[in-house]
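# Report on the structure
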Amino acid sequence: MTTVAAISAVPRPLLDLTFAELERELGASGLPPVHARALWRAAHQELNQNLAKENGFVPPLRRWLEQNLGDGKRFFLDAPTETDDIASADGLTRKFLLRLADDQTIETVLMSFKGRHTACLSTQAGCAMGCVFCATGQMGFVRHLRPGEIVAQVRHAQRALRSAGHDGLRNLVLMGMGEPLHNYEAVMTALEIISDRGGLNIGPSKITISTVGVVPGILRLAEEQRPYHLAVSLHGATEAERSALVPASARWPLAELIAACRTYFAQTGRRIFFEWTLIAGANDSPAQAGRLGKLLAGLDAHVNLIPLNPTGGFAGTPTSLDAAKAFQSILKSAGIPSTIRQRRGIDVAAGCGQLRAEKSRTDRAGK
Ligand code: SF4
């Protein structure tokens, strides 16, 4: 039988705590808020990996850490092991494969452009959404990440930038492995931690949540007035075209998704970014561009056109630059602004889930 004592003995991840929760924890041991602030700064600003051995703390905080943080104690620090760190030939993209405590691996990508650094974070191990062109979708869902496992990716990327002598992260996109709105609570807690000004300090205006179209999550973001940017992956402008690429469309049909986007816009006044993976011969025709223009009419929309990153499990190929430009000009004449995104890091398998999929193929082949 599970006892209360056994439950309370389960170690808790320190990085799962918001600042208010950390303050309460330390307060319950008689430590004042100033100690919580010092610990928070060491964990989230100085990115200290060994808090229990930190000498800069006042004695009461040092004692609390010695008693409460570490193997077999009340708290532990998420510190994923980096199993791979691959840089693209142009040096602008770096991909980390990180091993979590239960041996699941996730990817974090660091992209640099004109001295500005953006990290692309994973929110789940695997993904339940099954988009056909996506290596993560092809592997299926494994589990949700905890807030601390999302925060730990930002700490990892920040440390990598610092040790390479670069400025810190400017932007975050939740566009890596997993569907962020399928792991809503953990993602919102992680973003509260990440955007805290006394810690990692990446403000909400620098953070984009990307969804494949989880309608209840979009409505909840609007209802709760969450201050982050929203990007919605469309890939098709009719139900038939979209559901061929995005199986989640069966659950949240296109009409329902666009209605949710209109509600989101009405309630927040925020521009919505729409992601469109351009696949040659599948969704890149002038007629499809025309349908997309009509679909988005009246919304404050910006479309990101992203030539496909090929994956082993999907036969599609990327649209040519000329066809992408033709698609873009039709959108423009419909009054919809768009950007053709450069394909980044092909040589480091930067599309989400590609490195993990490649590693497991190699590991299986090596057995
Ligand atoms: S594209 Fe995103 S939502 Fe779709 S399967 Fe991949 S990780 Fe999941």
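Residues numbered from 1 in each chain as written. Predicted model: local features only at pLDDT ≥ 70, side-chain atom pairs only at ≥ 80, totals over all residues. Heavy atoms only, no water.

Right, let's get into the pairing of strand β11 (residues 229-233). Among the five residues in β11, four count as buried, and that is most of the element. Summarising the sheet, strand β10 (residues 207-211) and β11 pair through four bridges and their orientation is parallel. By the bridge assignment for β11, Thr 208 is matched with His 229. Tracing the backbone out of β10, into helix α8 (residues 215-223) and back to the parallel element β11 gives a crossover that is right-handed. (Buried < 20%, exposed > 50% of the residue type's maximum accessible area, 1.4 Å probe, protein only. Helix = DSSP H or I, 4+ residues; strand = E, 2+ residues; numbered from the N terminus. Pairing = 2+ DSSP bridges. Right-handed = clockwise from strand over helix to strand, strands pointing away.)

With that settled, consider the nonpolar core. With 99 residues, the main nonpolar core has Ile 194, Leu 234, Phe 274 and Leu 296 as its most contacted residues. When sequence neighbours within four positions are dropped, the list of residues in contact with Ile 194 reads Ile 150, Val 151, Val 154, Leu 172, Leu 200, Asn 201 and Ile 202. (Core = buried A, V, L, I, M, F, W, Y, C linked by side-chain atoms within 4.5 Å. Contact = heavy atoms within 4.5 Å.)

In the Ramachandran plot, Leu 47 falls in the positive-phi region, its phi being about 60° despite a non-glycine side chain. Following the sequence through the fold, Leu 47 ends up in the loop between α3 (33-44) and α4 (59-68). Of note in this structure, Asp 103 is not a glycine but carries a positive phi near 75°. Following the sequence through the fold, Asp 103 ends up in the loop between β4 (93-99) and β5 (105-113).

Moving on, we get to the environment of Thr 105. The topology assignment puts Thr 105 in strand β5. Note: C-alpha distance between Thr 105 and Ala 89 (16 residues apart in sequence) is 24 Å. Dropping the residues within four chain positions of it, Thr 105 is found in contact with Leu 97, Leu 98, Arg 99, Met 177 and Arg 356.

A few words on the environment of Glu 224. Note on placement: Glu 224 falls in the loop between α8 and β11. You can call Glu 224 partly exposed: its relative accessible area is 31%. In this structure the C-alpha to C-alpha distance between Glu 224 and Gln 267, which are 43 residues apart in sequence, comes to 9.9 Å. In terms of polar contacts, Glu 224 uses its side chain to reach the side chain of Tyr 184, at 2.7 Å. A distance of 2.9 Å separates polar atoms of two side chains, one belonging to Glu 224 and the other to Arg 226. (Polar contact = N/O pair within 3.5 Å; in protein donor to acceptor, adjacent residues only side chain to side chain.)

Moving on to the pattern of salt bridges. Scanning the entire structure with this criterion turns up 15 salt bridges. With a shortest N-O distance of 2.8 Å, Glu 25 and Arg 74 are connected by a salt bridge. Of this pair, Glu 25 sits in helix α2 (residues 19-28) while Arg 74 sits in the loop between α4 and β2 (75-76), placing them 49 residues apart in sequence. Taking relative accessible area as the criterion, Glu 25 reaches 16% and is therefore assigned buried. Among the residues examined, Arg 74 registers a relative accessible area of 36% and is labelled partly exposed. The partner of Arg 143 in a salt bridge is Glu 149, and the shortest N-O contact between them spans 3.0 Å. (Salt bridge = Lys/Arg side-chain N within 4 Å of Asp/Glu carboxyl O.)

Taken together, eleven residues surround the ligand, and among them Cys 127, Cys 131, Cys 134, Gly 137 and Gly 178 come closest. For the shell around the ligand, the class distribution of residues is six nonpolar, five polar and no charged. (Near = heavy atom within 4 Å. Nonpolar A, V, L, I, M, F, W, Y, C, P; charged D, E, K, R; others polar.)

A separate point is the sheet that holds strand β6 (residues 116-120). Reading across the sheet, the ten strands line up as β3-β4-β5-β6-β9-β10-β11-β12-β13-β14 and stay open at both edges, with mixed pairing between neighbours. Since the sheet does not close on itself, it has two edges, and those belong to β3 (81-87) and β14 (338-340), each with one partner. Neighbour-to-neighbour, the strand axes of the sheet open up by a mean angle of 20°, direction not taken into account. Across seven bridges, strand β12 (residues 272-278) lies against strand β13 (residues 301-307) in parallel orientation. Bridged to Thr 277 within β13 is Ile 306. (Axes fitted to C-alpha atoms, helices over the stretch in contact; angles between N-to-C directions.)

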